[in-house]
Every structure is written in C-alpha cells, then in structure tokens.
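# A closer look at the structure
In case you want the letters, here they are:
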Protein chains: 2
Amino acid sequence: MKSYWIWHYGEYEIFHTMNVHLRRETRGYHIPAYWKLCTPYASVKFRKQVNSEGGYLLCCINGSGCVSIDGNLYDPGKRIEIAPGLHTVDICVSNFGGLPAVFIESDICPSDATWSCNHYAGDFSPVGYHPFFDDVAKNPEVFPFEYERRTPINKELLKGGVLYDFGTELFGFLNIENANDGETIGVFYGESREEALDTAYSYLSDSVWGQKSYRLRQRAFRYVYLEGNACDVALSADFEYLPVEAKGTFTCENALFNKIYNAAVRTFHLNCREGFFDGIKRDRWIWSGDAYQSARINRYLFADKDIEQRTLIGLIGKKPIEQFINTIMDYSLLWIIMLNEHYMTYGDKEFLSRIFPMASELLRFVETRLNRDGFIEGFKGDWIFVDWSNMDKCGAVCAEQMLLIEAYRAMSCISIAIGDGDCDELAKKEKELVDRVNKYYWNEEKGGFIDSYQSGKNNVTRHANIFAVLYGIANEHQTASILENVLKNDSITKITTPYFEGYELDALAKLGEFAALEEMLKNYWGGMIELGAETIWEEYHPEMVGIEHYAMYGRKYEKSLCNAWGAGPVYIFGRYYLGVYATKPGYEAFEVAPQLGGLSEINGTVPINGGLVKVSLNSKTLSVIATKSGGTLIWKGKRYSLMPDQPIMLVNNDKT
Amino acid sequence: MKSYWIWHYGEYEIFHTMNVHLRRETRGYHIPAYWKLCTPYASVKFRKQVNSEGGYLLCCINGSGCVSIDGNLYDPGKRIEIAPGLHTVDICVSNFGGLPAVFIESDICPSDATWSCNHYAGDFSPVGYHPFFDDVAKNPEVFPFEYERRTPINKELLKGGVLYDFGTELFGFLNIENANDGETIGVFYGESREEALDTAYSYLSDSVWGQKSYRLRQRAFRYVYLEGNACDVALSADFEYLPVEAKGTFTCENALFNKIYNAAVRTFHLNCREGFFDGIKRDRWIWSGDAYQSARINRYLFADKDIEQRTLIGLIGKKPIEQFINTIMDYSLLWIIMLNEHYMTYGDKEFLSRIFPMASELLRFVETRLNRDGFIEGFKGDWIFVDWSNMDKCGAVCAEQMLLIEAYRAMSCISIAIGDGDCDELAKKEKELVDRVNKYYWNEEKGGFIDSYQSGKNNVTRHANIFAVLYGIANEHQTASILENVLKNDSITKITTPYFEGYELDALAKLGEFAALEEMLKNYWGGMIELGAETIWEEYHPEMVGIEHYAMYGRKYEKSLCNAWGAGPVYIFGRYYLGVYATKPGYEAFEVAPQLGGLSEINGTVPINGGLVKVSLNSKTLSVIATKSGGTLIWKGKRYSLMPDQPIMLVNNDKT
C-alpha cells in the first residue's frame, strides 16, 4: 500500500514560507522579513482508527515521539504488529525547529490522506500531504526543486579578473573548480554586467579561499565576475527551479510581443518557488499583492494549483492575526480576492473550506480599521502601499476602499460556495460601501475618483480608477469618464511599476482599448526589451539612461531585474487575446472570446483546470478547440457551444 | 557598562517551558505533553534610541540577523562605531528552533532593561532579561541549574548485580566509571528499592556498552540497580538543582511533624526547576493546579518570585487560547487565582500589567463554557479534573463554579491594582454566580454543596465544600454545616491525594480545627513517613501494603514518590502556625497571628517580600520580630504594631 509523508494540514506551507522569509541575503547581511512569521506547531498527534484482520506498521518520525495503540506505547523505530479488530493508532510527534511529520509503512494503515491529526488542541482533522513525498527518503523539510547544470556562454578577461555571462538570469549554486587553493577569489554576482563588475556595489558577493573547488550558496545572477587569479577555473552553475510545465502558450506575428511574452515567462518561472516570489535576486519573499498578480499569470501559464495554495496558506499563516499580510492593507484585501479567483479557476472546495476560517479572520481584522465614515484607514504600523507612486495617502485611501468592495464580493462568493458565512450581510456591506465611495470619492469635475476625501486636495491618480474599472465598481458614466479623464489623460501621473501597469493593461483590455494597451506593451515592456532585458524589471522609467535603470531604494543595484510582477502580459494575452476565462468554479463552465486587437495573427493555448483550450485566430479564420465540456465560444456577438475535442472553425470576414 | 542577554518579554519562559514539556521519558518512550505547546517567535526586532557623544557596540546574536543604525546595515559580528547624536539602533534576530536573543557590549547602549522589542508585529515594549545572564558566555537557552556530586550511601550485591542507594531521591546525571568496556550493563532506576530491582518494570532504565565510563542523561532516582558485571564500577551522580535559599523555616517539638516538614521541603525543592514540576520522576511537567499549590508552598519556603513568574508565563503562553491550561478547566481557574495571590505576595505591578491581557483572555475563554444556567460546564476535549477521586461529574461541576467565583474576585483585585479591566462587571458576575450556586448546588438536607445539579443524584464530596470554605464562599450557616456534615463526616469519601488534602488542611486550619488537622498530618503524611518515605508521594492509601503503594495509572511503579503537591504542610505551618500573611500587595501590610494548635512549641521564619518574620511560641511565651514595617501581631484578640527589627515578647498564659 502506498504511503506518504503526512503533516498537520498547512504546516508544510507555513514551514517553507517561514524559511523563505528568514533567508534573505542583502549585501552580505541577513535580513528577516519585515513582518511576523508564523511557525509550525511543536507537537502534533496523528490518529487513525483501524479495523482489520491484523497487520503491521513501521514508522519514521521527523522529530521525536512515540506510537500508541489503544493507549499502549511502542517504540516508533521498530516494526509493530497490530492484532485483528478495531484499534486507535496514535503517533505523537514533536519537533521544535522542524516540521513534525511521519511516514508510516503498513499493510493496513499506511500514512495517507485518510489519517487525521491535531496540534494537541481542537478537533482531529485530515492531515496534509503531497503526492511527491511518497518515499521515506524524501524529507518534507527539503523543498523538491530540480536542478540543471548550466555553463557560461561567454567569458571576458577584464580588470585583472574574469567576467562570465550565463546568457540569461538563473538562480542556483555556483561551482568553481580547478581553483588555486592559495589564492583568494572574490565572487561578484550581477543581474547586469555593470553590477557584476562594480565590485564595491554588487548586491551579492562572496570571497573564497583555501580550496581547489567551491560550491557556493544559491544566488540569483546572469553575470559572475571573479576577481583574482581565476583565469583557469572552470565555472558552472546548478540552476535550481520548480519543475512545472508551461501549459499556456502564446505567439503572434509581432516579434517584439513574442519577446515580451518569452521574457515574462522566464521572469515568472524563476520566481515560482516555495510560493510566488517578488524578485529572484531581492527580496525573494512572498508579497501578497505581487502574488495576486502572479496567481493570475500562473493560471494562463503553468496552471499550478499547488503553488497558489502554498502561497495562500503561507501568507495567511495562523491565528492570531495581529497585522496585515506583509503589514500591507491592500495586499491583505488582494489575498481575499486572490482566494476567490483561485476557487473560480480550480474549484477546490475542500481547500476553500479549510482556509475559510482564516479568510474570515482576515476580513474581521480589516474591519478593525474602519473609521467613523465607514472607510478603512491605516492605523499605526499599517502600510498603505498601493504602488510605488505619488499618491495622496491622507486618511482613508480610495484604492483601499475599491479593494474592500471587491473583497466583500469575493467573500460573499466564497461563503455561498462552501455554505458558510453570511453572504447577505456581506452583500449589504458591499453595497453600502459602494454608495459611500461614490459620495466621498467621486469627483465629477475631475471625472474620476480622488485619492483622499480628508486632505481636501482632490488629487486624482490612476490607481483607484483602474481598480474601479477592473472590478466593475464604476458605473457606465464613471467608466467612460475615467477612460477619458484619467486613463487617456497624460497629465495624470504615469504608472512606473509593471505591477500597476499590469492592472492598467487589464482595465484597458476590459474596455476594449487594445490600441492603448498595445502602445503600452510596446513602449513600456518593449522599452526594457530594447535595452537588452531578458527578464522583466521591478520598475522602468523610459527617461533614464545607463545604470540609472538598475538603481532603486537609493542604491545602485537594488532594483530587481527579474521581478514576477512584470510578467503581467502573459495574463493579458491569455485572458484577453486568446480570451479564455471561467464562468463557473473550476472551469465547469467557461467562455472563449478571442480578440486580435491590433494584431493580425495569434495562436495559443490556455489551461482550463485539467483541460486545454487552443485558439488560432488571424485576419481570415478563427479556430477554437477545447478538451473538456462547458465551453462557449463568443464571436462577433454570437455564442457557440464548444463540444469536447471538437474544433469550431469560423471565418473572420470583418478583417482583410 | 553592564550588559545582559535580552529577549522578547516572556519568551525565555515559553522556550524553557516548551522544552520541559517536550522532554518526558516514560519507560523508554518519548512522550510530548498532552496539550498545545507555545513556541517562541521566530524573529524579533530589538530597538533603542541612543543619544550620545558617540561610542561603540559589539553584539552577539543568538540566531542570525543584522544590526541597523538609522536604517544602515552593519555586520553584527563586528565592532560598530556610533557617531555622536541621536540614532535608532535596531537589532534584527531570527532563530527558528531556539530563543532569539542578543547580548550587546557597548559604552552607550549595552543590552539591558532599557531596550525594547517586538515580534515584527505590535508596539515595541520593554524586553525580557534576567540578572543571571550578565555574561555573553551564559547562553539563555541553557537553564542555569547548579550541580553537586553525590555518591551512594550503600551498596548491596543482589541477584548478580549491585543495588546502590543514594540515601534520598535526587535528579541528575549518573556517572559510571571503571566499567568493563566488553560488558553490557543494565541500569535500572528506582524511587523505591523494589522498583530498581524489578528490572522488567522500572519506569526508567538504560543499557550501556563499549566504554569504560558513562555519563547518562538526567533522571530521578534514589536507588540504582546495575545488572551485569558491575561490582568494580565507581558510581556517582551529579545532582542537578535550582539554587534557592530556604528563607522559611519551621520546627516544633513533634519529631514526626518535623520529619514531615523536612520531607516536604526535600520533595518541593526537587520539583522546583524551570517551573513548578508535578513529580521529579514523572511527569516532570508543569501542571497549573499542582503549580498553584507549589506557589503557596514556595511563598513560605523559598519565596522565589522568579519561579512563580516563570510558571505563570510558561503556563499561559500566548494567543490564541484554544484550550484550558493543561486542558483542565479547574487548573485554568487556579491559574487566575494564583496570579492574584502572587501579586499579593510580591506586589510586582509591572509583571501583573504585562500578563494581564493573557489573564483576561483566559477568563474570556473560560466564559465560552457557560451553559444556559450560567454555570461553566466542560465541552468536548475539556478535562474536568478537580482531583483523583470519585465525583459526580455530570454537567456543570460544583467545584468548578467555586473556583470561578474566586477567579472573578481575583480578576477584580487585579483589575483594581493595574487600573484596567471592569471590576464592577466582575463583581456583578461573581455575586450572581454565588447566588446561582447557592440555589442550584446547596443541599440543606445533606448539609453541603452537591457535585452536580443536573444528574439528580445529589452526591456530596468534600471538594466543592472545601473550596467553599477555603475561599469564604460559604456563609456562616453553610460553613458550620459543612464542617459537621462533610469535613467531619466519615461517610463522605476520604481524600486520597496530598493535593486535595492540602486544601482540606487549609480549610480546617481556617476554621481553627487544629485537632482534626493534626490528626490528618499524623495519619496521612505521617503514614508515608512511617513507611520510610524521604519524599512525599503523589497519592497515599493507608490500607495498601508493600509495593501496592508504588502503583498508579494501572502500572506497578507509575506513582510519583516525590510529588510537589505533597508539600502542602510547609504552607500550613507557615501560614497558620507561624501565622504570617500579607494584607496588602507585596507585604506592604501583613499580619502575624501565631497559633500552637495542639503543639507545645513552634519556631520558625516566614519570608515577607524582602523581609522576614521570626516567630517563637511555646506554652509560656511568644516572641515575634519582623525585619520590615507594616506588620501587625494578632494575639488573643489584641493587635500589636510590629516595628522593624523590634521584637515583641508576650506571655502565653492560657496554656500550661
């Protein structure tokens, strides 16, 4: 019978998320994450009722503990015979500083999803496990990455040292072989050539001495500069990555857009790890807003449900909730919205039910920030982020209210799905908040929502207005006004992060503004590509030159040049060009509404929770095929039912 | 300037309590505690604002992390110069699996009580520290016990092996020297001679081979039986103990009572460690009800405030409270009562303020167990312990209500002391509960409080009635009736644990029933002493014979023969014979009301929070002296003010 490592549900994710958040290296310094870290329980009791004709068990405990059968103790390290009949098997595991887990080989009760456990409090509930950990030798404390040997594509002797170029960014162990053990070698990493060579300022560096070969700790880099007598060394890297398959694809006739897509995919894959990371060089942390974008991208690329669930669990942690996720109000609201969108994509009701109590707890926490006017407003220690952009953050910020509205809707959908929670109350709160937002924040004269009603400045930025369009909060009149007076208004400060550009693209696509969208892709994402970027950056200012592009947070190379929130076009191409989206949870129903925009030919696939949709559209024909039922093709105002594996071919006679 | 190891307040206690609760060895098996364990935070940020003419700091981090001064990072392992002026020094420490702590050597900001910290959530608040940890080499993860070499007082060749007797029980490392490295030695520990010799059933045992000398892990024992060729070995033990001074003393003319007192002191000291343990052989855990008794004993012996605070913090842990302390309802209520009595003794308002939020949280948790009649009743998973005694535990148990009444009073006192909480509301709840208890539980016919009003059995046990007297809940009529119909009624089941006998002694003393009290001391505690006990047992049944005495929980030697809850007489002698007690927090005011009971001469001292009271009383004279002010001597209905260091001598002319 098949056995798996089992643990307290959620603890695997909490353990690995904690490790991620404790592991940051910044210019040689160790910096723990800026928020409270959740840790696994120190002791867990696993239980199963067994009714059999007798058998045995042999268990391997990750930690220390004992086996108890009907209250009699046994040595966990030895084979235990179980007499015929009904028995209660308890495995007590304690492990402070690790992940309490157990692997049980048995002919009657192997460790699997049928076991329950608790943390010595509360009811017993089904354990957590993952099909990967099906061997006692696969320790669940070791995250299952895969590895691939990479060698530099170029080598230059420069300034008395050697500069290596691995071609594109990677993350992994650097191997130095054939070194002179009497020489010190300075190792300087760079996402850019300039960074590796600027040895006084490289974000990541190392210094080795006394051996003939070295295997250095995992780091992110494209370039490595070795300082010292390193001409004869053999350099290689063991690229460490999450094994995931790109189920989603997209190509078009526009070479730049294809390059953008591929750079976005590369960027995104490097940041898909224990959870959705922000940047692979820095912070290598899981930020909920970044992760919200990543989850949307993931659904049109890897459709990896596991990484979304790891991210959701790792971010929410466990009670008590004492602060916003990552300390950020908007990121906490995006977590709730992400959860509902996750459910819509994968339809995993079991997961939804298990995480629901924490989602409710988070919403309750958010509501502790309601001010006297009924708007959420930051208290001391709360971070009102929204974006790296100038914004009037006096008092209650409009963008936060927009997210709260959507979070109420999300929680309402979740409540209906699992038959728990008060969806009427949620709907009431949402409606009242929409009314209040319109009353306090809508400025007819400016034609948009203002940032703050308390400052008196009536400042308009794109952010709240983008959310209002994106989540359908703005009414028809407001939407038209926002498009005209905010989105297409060059006097409104431009977005500089691909994070919020991602939302802006989405809003434009939603409004059918493909010309503006493609202009933005070309200028903004294309701008980075033109500068030689193989991965998408954390921020981009077209007006900057040279190494100005690499600076951020007041430091020369602090900007991440491989930042997941730059991969938004993957989502846009799949969601709006290929035009595939779920209309019932788990893609039980879905629509396919392809659009060419300003392009003349698009081809691609979109994963639809166990199935695939393939779309080919050019100026003459449209071809769509889905591998599972529930699909509706929407084309030129008509609806066509998609039968599984039966292609629909239509003439595209509007275009020439 | 003096530096100390500093940590997040309470985390030292939580760390060590967790270790205690993860460390139990039972017949070779490792058994974690039966309740949820709290663990330290994984990362802590320490902060201090420094305004100086410049200086340096050098820090040692227990874990990993970095130093940040005004946001600039520094290597924690190197000496850091601080420029003149105002600076914010942050030390980030992460340590999953240990105790995040830091030791800072500095001429301007050494690590001490003036530093603050948080766990990356919430406000910064003053750190925890202890004067003992004043050296970087004293790791706060290592509990500061002291050690003393002990050798056996007797050695017997028996059954081919050797039995050693260390004279009295001890806890520590067993050292075996001069062993034959080709021979296996079986090591069998015993609290009793029989246990050590009964090698198939000894609770603690070991087996060693292949060395000439061994140092075995710490265990509790008086006897050690070495099986195998061990005639020539040299055996010794390193007794591990908490260094505390016996400030309280008591002697009288009754040799048996003196023996009881000394055995109780020995028993108690062995169980005073990271916190108040139950038994030194088993469980070696901190149980709140046992600890409540221990705290009362401690106040008349060591008056060690630290161990009480370690116990209180370790037991309450941190939010969320998901279950009763040790899962036991009564033990949770006793925690609240203990906290107030602790404050009365030491007057430590700072400690009280810091632990108050958790005390409130615990009371809120208790109130989740209120039934429709307004009584607390166990839910699934709650343990209604009260005592190892037959009791009608149907529904809401009377003894629990008695403790809730006293807990309301305790919380009310605490609220008043720190000026927080709603003492009017607490007083109202208490009064209403007293009325309900009288209505539902008082049985005039039986002349006592019944166990359960829901079962219809009207069963009377001593327990609730003892609490009613002890905490002054019974009115005058009820008290007289309880004394007659319950306490002095032999048809009411006798108490068998020294735990509840301790409460019974207390109730009898309170009622002035010294004859009954002394009879109980003589028969119950004296009974164990007569059987050769050097330490007090977990339970005692006078009718048992031989090794029957050592059995419990269905196993031959599972009873603890050195159990702290047997040390109650230490409290009784100090509290009622020497007659010393605080009447204002911290012994700012206190009374001394000595009583001879049936004795003819008593001498002793009682610690009074930084001072001492010395009492000598015989049939002719009374002499009392206190080292601090605030005392009132009460003698034969008269009150005498005690001036510091000025003895009062009175004639005792009632006795002849």
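Since the model is a prediction, treat every value here as computed from it, not as a measurement.

### Brief notes about the relation of the copies chain B and chain A
Under the fitted operation, chain B is carried onto chain A by 0.0 Å of movement along the axis and a turn of 180°, and the coordinates agree to an RMSD of 0.1 Å. Both copies are brought into coincidence by an operation consistent with a two-fold rotation axis. Nearest to the rotation axis, the C-alpha of B:Gly97 is located 1.8 Å from it, this being the minimum over chain B. When the interface residues of chain B are mapped onto chain A, 100% of them again lie at the interface, so the same face is used by both copies.

### Notes on the packing of aromatic side chains
Applying the stated rule across the entire model yields 114 aromatic pairs over all chains. Centroid distance A:Tyr571 to A:Tyr576: 6.4 Å. Interplanar angle 90°. Geometry classified as edge-to-face. Neither residue differs from the other here; A:Tyr571 and A:Tyr576 are each classed as buried. Here B:Trp388 and B:Tyr553 contribute two aromatic rings whose centre-to-centre distance is 5.5 Å and whose plane-to-plane angle is 75°, an arrangement assigned as edge-to-face. With B:Trp388 in the loop between helix H7 (349–367) and helix H8 (398–418) and B:Tyr553 in the loop between helix H13 (514–530) and helix H14 (568–577), this residue pair connects regions lying 165 residues apart in the sequence. Directly above the ring of A:Tyr201 sits A:Lys556, whose terminal nitrogen or CZ lies 4.4 Å from the centroid.

### Some details on the interface of chain B and chain A
Often, the extent of an interface is quoted as the loss of accessible area on bringing the components together. Listed by partner, the interface residues are 41 residues for chain B and 41 residues for chain A. With both sides pooled, the region where chain B packs onto chain A buries about 3,100 Å², and carbon together with sulfur makes up 66% of that total. For the chain B face of the interface with chain A, the top three residues by lost area are B:Leu73, B:Phe96 and B:Tyr120, together amounting to 22%. Counting the contacts that link chain B with chain A gives 2 salt bridges. Ionic pairing is found between A:Asp123 and B:Lys380, a salt bridge with its closest N-O pair at 3.1 Å. Scanning the region where chain B abuts chain A turns up 14 residue pairs in polar contact (both at pLDDT 80 or more).

### Details of the packing of helix H3 (residues 255–271) of chain A against helix H14 (residues 568–577) of chain A
Residue and element names in this part refer to chain A. Contact pair H3 / H14: the axes reach a minimum separation of 8 Å and the direction vectors enclose 120°. When the axis of H3 is compared with that of H14, the two are oblique. Here H3 runs over H14; the crossing is left-handed. The residues of H14 that touch H3, namely those facing Phe257, Ile260, Tyr261, Ala264 and Val265, are Pro569, Val570 and Phe573. When its residues are assigned to classes, the contact of H3 with H14 shows 8 nonpolar, no polar and no charged.

### Focus on the pattern of salt bridges
Residue and element names in this part refer to chain A. Across all of its chains, the model carries 90 salt bridges over all chains by this definition. Between Arg217 and Glu25 there is a salt bridge, and its shortest N-O distance comes to 3.6 Å. One end of the pair, Arg217, is in the loop between strand E19 (214–215) and strand E20 (219–227); the other, Glu25, is in strand E2 (residues 25–26), and 192 residues separate them in sequence. The partly exposed category is assigned to Arg217, whose relative accessible area is 40%. Relative accessible area serves as the criterion here: at 14%, Glu25 is assigned to the buried category. Counted as one network, the salt bridges with shared partners bring together Arg23, Glu240, Arg273 and Glu274.

### Describing the sheet that holds strand E28 (residues 612–618) of chain A
Residue and element names in this part refer to chain A. With antiparallel pairing, 5 strands are arranged side by side in an open sheet as E22-E27-E28-E29-E32. Two strands lie at the open edges of the sheet, namely strand E22 (249–252) and strand E32 (648–651), each paired on one side alone. Averaged over neighbouring strand pairs, the angle between their axes works out to 5° when direction is ignored. Relative to strand E29 (residues 621–626), E28 is paired through 5 bridges, and the arrangement is antiparallel.

### Concerning the sheet that holds strand E5 (residues 55–62) of chain B
Residue and element names in this part refer to chain B. Spatially, the 5 strands line up as an open sheet ordered E8-E5-E10-E1-E13, and their pairing is antiparallel. Pairing within the sheet leaves two strands with one partner each, and these edge strands are strand E8 (80–82) and strand E13 (128–129). As paired strands, strand E1 (residues 5–7) and E13 are joined by 2 bridges and run antiparallel to one another. Bridging across to E13, Ile6 finds its partner in Tyr129.

### Observations concerning the domain arrangement of chain A
Residues and elements named next belong to chain A. Each assigned domain of chain A is listed with its residue range as follows: domain 1 (6–129), domain 2 (146–241), domain 3 (245–301 + 495–577) and domain 4 (578–655). If you look at the interface, domain 1 gives 13 residues, while domain 3 gives 10 residues. Across the domain 1/domain 3 interface, buried area totals approximately 1,000 Å², and carbon plus sulfur atoms make up 56% of it. For the domain 1 face of the interface with domain 3, the top three residues by lost area are Val20, Arg24 and Arg27, together amounting to 48%. Counting every contact that joins domain 1 to domain 3 gives 3 salt bridges. Close ionic contact of Asp283 with Arg24 constitutes a salt bridge, the shortest N to O distance being 2.9 Å. Here the side of domain 1 that touches domain 3 takes 4 residues from helix H1 (residues 11–21), the largest share from any one element.

### Focus on the nonpolar core
Counting residues in hydrophobic clusters, the biggest one holds 178 residues, and the most contacted among them are B:Trp335 and B:Phe449. Those residues in contact with B:Phe449 that lie beyond four places of it in its chain are B:Cys398, B:Met402, B:Val437, B:Asn438, B:Tyr441, B:Trp442, B:Val460, B:Asn465, B:Ala468, B:Ala474, B:Gln478 and B:Ile482. In terms of nonpolar packing, the next biggest core, distinct from the first, is built from 177 residues, A:Leu339, A:Leu403, A:Val486 and A:Trp565 among them.

### Some words on the side chain of A:Gln478
Residue and element names in this part refer to chain A. The topology assignment puts Gln478 in helix H11 (residues 476–487). For Gln478, a relative accessible area of 4% translates into the label buried. Non-local contacts of Gln478, meaning those with residues more than four positions away in its chain, are made with Asn438, Trp442, Phe449 and Ile473.

### Let's talk about the confidence of the model for chain A
Reading predicted coordinates in detail is not appropriate for stretches of low pLDDT. In the predicted model, chain A carries a mean pLDDT of 97, and the fraction of residues at 70 or more is 100%. Predicted complex metrics record ipTM = 0.96 and pTM = 0.97.

### Remarks on unusual backbone geometry
Going from A:Arg282 to A:Asp283, the amide bond is cis rather than trans, its omega being 5°. Its place among the elements puts A:Asp283 in the loop between H3 and helix H4 (288–298). The phi dihedral of B:Tyr120 is positive, around 65°, even though this residue is not glycine. You can see B:Tyr120 is positioned in the loop between strand E11 (116–118) and strand E12 (125–126). Positioned with a positive phi, B:Tyr587 is a non-glycine residue whose angle comes to about 60°. You can see B:Tyr587 is positioned in the loop between strand E25 (580–584) and strand E26 (589–592). Assessed through its relative accessible area of 3%, B:Tyr587 is described here as buried.

Calculation rules
Residues numbered from 1 in each chain as written. Chains lettered and ligands numbered in written order. Predicted model: local features only at pLDDT ≥ 70, side-chain atom pairs only at ≥ 80, totals over all residues. Heavy atoms only, no water. Least-squares fit on C-alpha atoms with pLDDT ≥ 70 in both. Contact = heavy atoms within 4.5 Å. Phe/Tyr/Trp six-rings, centres within 6.5 Å; stacked < 30°, edge-to-face > 60°. Buried < 20%, exposed > 50% of the residue type's maximum accessible area, 1.4 Å probe, protein only. Helix = DSSP H or I, 4+ residues; strand = E, 2+ residues; numbered from the N terminus. Lys NZ or Arg CZ within 6 Å of the ring centre and 35° of its normal. Buried area = accessible area lost by both parts, 1.4 Å probe. Salt bridge = Lys/Arg side-chain N within 4 Å of Asp/Glu carboxyl O. Polar contact = N/O pair within 3.5 Å; in protein donor to acceptor, adjacent residues only side chain to side chain. Axes fitted to C-alpha atoms, helices over the stretch in contact; angles between N-to-C directions. Parallel < 35°, antiparallel > 145°, perpendicular 65-115°, else oblique. Left-handed = near helix turned anticlockwise from the far one by under 90°. Nonpolar A, V, L, I, M, F, W, Y, C, P; charged D, E, K, R; others polar. Pairing = 2+ DSSP bridges. Domains from an automatic or database assignment. Core = buried A, V, L, I, M, F, W, Y, C linked by side-chain atoms within 4.5 Å. pLDDT = per-residue confidence, 0-100.

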